Amino acid sequence: MTMQNLIELRHILHAHPELSGQEALTNRILNEWVKQTQPDQLIEKIGGYGLAAIYKGVKPGKRILIRGDIDALHIPEPNDLPYRSQNQGVSHKCGDDGHATILCGLARWLGEQRPDQGEVVLLFQPAEETGQGAQATLSDPQFEQIKPDVAYGLHNLPGFEKGQIMVREGCFAAACFRLKLVFAGRTAHASQPETGRNPSELLAQLIHHLEKKREQLKAMKPLTTFVITHVILGEETFGVAPGHAEIWLTLRSFNDKNLELMSTEIIEFCRAKAKNHLFDFNFSMHEAFAATNSNPSCVHVIEQAANNLELKLGHLDEPFRWSEDFGRFGSVCPIGFFGLGSGLEQPALHNPEFDFSDDILETGMTMFWEIIRLELEG
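So, a few notes on the structure that sits alongside this text. Note that this is a predicted model, so its numbers are computed, not measured.

### Digging into the nonpolar core
Working step 1: Counting 48 residues, the largest nonpolar core has Ile66, Leu122, Phe124, Tyr152, Phe368 and Ile371 as its most contacted members.
Working step 2: The residues touching isoleucine 371, leaving out its near neighbours within four places in the chain, are Ile64, Tyr152, Val301, Ile302, Ala305 and Phe338.
Working step 3: Ile228, Leu249, Leu259 and Cys270 belong to the second-largest nonpolar core, a separate cluster that totals 29 residues.

### Section: the packing of aromatic side chains
Working step 1: One pass over the structure, following the stated rule, counts 11 aromatic pairs.
Working step 2: For the pair phenylalanine 160 and phenylalanine 320, a centre-to-centre distance of 6.3 Å together with 75 degrees between the ring planes defines the contact as edge-to-face. Pair noted here: phenylalanine 160 is in the loop between β5 (150–157) and β6 (165–167) and phenylalanine 320 is in the loop between β15 (313–315) and β16 (335–341), with a separation of 160 residues, a long-range link.
Working step 3: Taking 5.5 Å as the distance between ring centres and 55 degrees as the angle between the ring planes, the aromatic pair formed by phenylalanine 172 and phenylalanine 320 counts as tilted. With phenylalanine 172 in strand β7 (residues 170–173) and phenylalanine 320 in the loop between β15 and β16, this pair connects stretches of sequence that are 148 residues apart.
Working step 4: By the ring-pair criterion, three or more aromatic residues cluster together here, those being Phe160, Phe172, Phe320, Trp322, Phe326, Phe329 and Phe337.
Working step 5: The lysine or arginine in question, arginine 108, covers the ring of tryptophan 33, its NZ or CZ lying 4.1 Å from the ring centre.
Working step 6: The residue whose ring lies beneath arginine 197 is phenylalanine 279, and the NZ or CZ to ring-centre distance is 5.9 Å.

### A short note on the sheet that holds strand β10 (residues 224–233)
Strand pairing in a sheet is mediated by backbone hydrogen bonds. Such pairs are either parallel or antiparallel.
Working step 1: The four strands lie next to each other as β10-β12-β8-β13, forming an open sheet whose pairing is antiparallel. Edge positions in the sheet fall to β10 and β13 (280–289), since each has one partner strand and no second. Within the sheet, the average angular offset between the axes of one strand and its neighbour, ignoring direction, is 20 degrees.
Working step 2: Note: strand β8 (residues 175–184) against strand β12 (residues 244–253), 10 bridges, orientation antiparallel. Within β12, the position partnered with lysine 180 by the bridge is tryptophan 248.
Working step 3: Those strands touched by helix α5 (residues 200–217) are β8, β10 and β12, and its axis lies near 165 degrees from that of β10.
Working step 4: In this fold helix α6 (residues 256–276) packs onto β8, β10, β12 and β13, with an angle of close to 5 degrees to the strand it touches most, β8.

### A look at the pairing of strand β1 (residues 41–46)
Working step 1: For β1 and strand β2 (residues 50–56), the ladder comprises four bridges, and the chain directions are antiparallel. Bridge pairing in β2 places leucine 42 opposite alanine 53.
Working step 2: Here β1 hands over to β2 after three residues, with glycine 47 in that stretch at a positive phi of 65 degrees.

### Looking at the packing of helix α1 (residues 3–15) against helix α3 (residues 96–112)
When two helices pack together, their arrangement is given by the angle between the helix axes and by the axis-to-axis distance.
Working step 1: Two numbers describe how α1 lies on α3: the axes approach to 9 Å, and their chain directions differ by 145 degrees. Along this stretch, α1 crosses α3, giving a crossing that reads as right-handed. Contacts between α1 and α3 involve Leu6, Leu9, Arg10, Leu13 and His14 from the former and Asp97, Gly98, Ala100, Thr101, Cys104 and Gly105 from the latter.
Working step 2: Along the lines of polarity and charge, the residues of the contact of α1 with α3 split into five nonpolar, four polar and two charged.

### Section: α5
Working step 1: The first and last C-alpha atoms of α5 sit 26 Å apart over 18 residues, in line with the 26 Å expected at 1.5 Å per residue.
Working step 2: Among all positions of α5, only Leu202, Leu203, Leu206, Leu210, Lys213 and Leu217 are buried. Down the axis of α5, the buried side of the element spans an arc of 95 degrees, and every buried residue falls inside it. Those residues of α5 that are exposed and aimed more than 90 degrees away from the buried face are Glu201, His208 and Lys212.
Working step 3: At its buried positions, α5 is contacted by β8, β10, β12 and α6.

### Here's the deal with unusual backbone geometry
Working step 1: The residue after lysine 221, namely proline 222, is reached through a cis peptide bond having omega -5 degrees.
Working step 2: Here proline 222 shows up in the loop between α5 and β10.
Working step 3: Its identity as a non-glycine residue notwithstanding, leucine 278 has a phi of 65 degrees, on the positive side.
Working step 4: Residue position: leucine 278 is located in the loop between α6 and β13.

### Brief notes about the pattern of salt bridges
Working step 1: What the rule picks out here adds up to 18 salt bridges.
Working step 2: Taking the shortest distance from any N to any O, the salt bridge between arginine 178 and glutamate 287 comes out at 3.3 Å. Here the residue arginine 178 occupies a position in strand β8, and glutamate 287 occupies one in strand β13, the gap between them amounting to 109 residues.
Working step 3: With a relative accessible area of 27%, arginine 178 lands in the partly exposed category.
Working step 4: Its salt-bridge partner being lysine 218, residue glutamate 215 comes within 3.0 Å of it at the nearest N-O pair.

Conventions we followed
Counting restarts for each chain: residues are numbered from 1 in the order of the written sequence. At least 70 in pLDDT is required for a residue's local features to be given in this predicted model, at least 80 for side-chain atom pairs to be given and counted, and no such filter applies to totals for whole chains, interfaces and linings, which use all residues. Only hydrogens and water are set aside when side-chain values are computed; all heavy atoms of the structure are taken into account. Each nonpolar core is a collection of buried residues, namely Ala, Val, Leu, Ile, Met, Phe, Trp, Tyr and Cys, held together in the definition by side-chain atoms within 4.5 Å. Throughout, exposure labels follow a simple rule: accessible area from a 1.4 Å probe, protein chains only, divided by the maximum for the residue type, with under 20% read as buried, over 50% as exposed, and the rest as partly exposed. Every residue pair with non-hydrogen atoms within 4.5 Å of one another is taken to be in contact. Only the six-membered ring of Trp is used, alongside the rings of Phe and Tyr, when aromatic pairs are assigned; centres must lie within 6.5 Å, and planes under 30 degrees apart are stacked while those over 60 apart are edge-to-face, with the rest tilted. Numbering of helices and strands starts at the N terminus; helices are DSSP runs of H or I of at least 4 residues and strands are runs of E of at least 2. Criterion for a charge above a ring: Arg CZ or Lys NZ at most 6 Å from the ring centre, at most 35 degrees from the ring normal. Strands pair, by our definition, only if DSSP identifies at least two bridges between them. For helices, the fitted line uses only the C-alpha atoms of the stretch in contact; every axis is such a line through C-alpha atoms, and the angle between N-to-C directions lies from 0 to 180 degrees. In this scheme the handedness of a crossing depends on how the near helix is turned from the far one: anticlockwise by less than a right angle means left-handed, clockwise means right-handed. The classification used treats Ala, Val, Leu, Ile, Met, Phe, Trp, Tyr, Cys and Pro as nonpolar, Asp, Glu, Lys and Arg as charged, and all other residues, Gly among them, as polar. Here, expected helix span is obtained from the residue count minus one, scaled by 1.5 Å. Starting at the helix axis, one direction is taken to each C-beta atom, and the arc is that of these directions. Whenever a carboxyl oxygen of Asp or Glu lies within 4 Å of a side-chain nitrogen of Lys or Arg, that contact is scored as a salt bridge.

Now the structure itself:
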């Protein structure tokens, strides 16, 4: 295997991006690659279109899981690349094509050299971008075959020097979920609005209250906040007085408990207001991400690996506000997560002009290889 082989694989994945839960072709491409490395066990569909390859050492020992994500985003690609996205309106703008390729490189190395003891599981996780893939993987009965003693993951970081390793003990990336608040009254003819129950006044009061609440939360530490992302009132018509309203929120916190308390307070306030105004109320939660909390012992291993490889090591002052679907693995074992710098001038994550930097593939591979060695030999 050469690095050029891996770069070509990354470009193939980039050219064929698939949305969360739809990664059928991605699964086949990765399957074909990983099977060539002759893993001791291969779970071809876990948590949906996930893939898990198991490499067993000669002697028994702990099981370490290395996770990469595989899904893409609903973002059109403007880049004029030889390997540009062939799936209109969908592209790899978070670097999951690169993360998956790093694991494929590890698969080749593990195929050539098994660990002396213990087991290594390479997990290609689906549906990371929607916060659904980790839980689907954990809930899959097949997960018992790969349940780890410790798990590690990474994310490329635009705006940081190429190859720089960034760590943070505790919260690395925020918890987050989407909340839809729904208010139902009764429509009426626009000439006789008094015969219906129009939620427009209630909607205005709630928006005012929520924006005031958001301002108050600015002083809260650790970060706990929300933003109104969408509001619906009635239908697109002039002839009907509305009887339906919705408020969509994205809630975010560096602390899972604070996020839960904030959402409960918002829901109960809206429920009470709806009842006072004689409206039916309902709510639903979507795309929930747990906080990604790195275990101190795992952070120490990451730091030691970076130092052993003589890589530049940095420590984050505060967590990233974006969310990562790796945090849920912390419910079954200690986890460690680190950032891999991908260039000071690289476009930000989810920017239409973003493209994963092939220059950092080998650094990601060597970091995971050294982490595996330290965990299994320690």
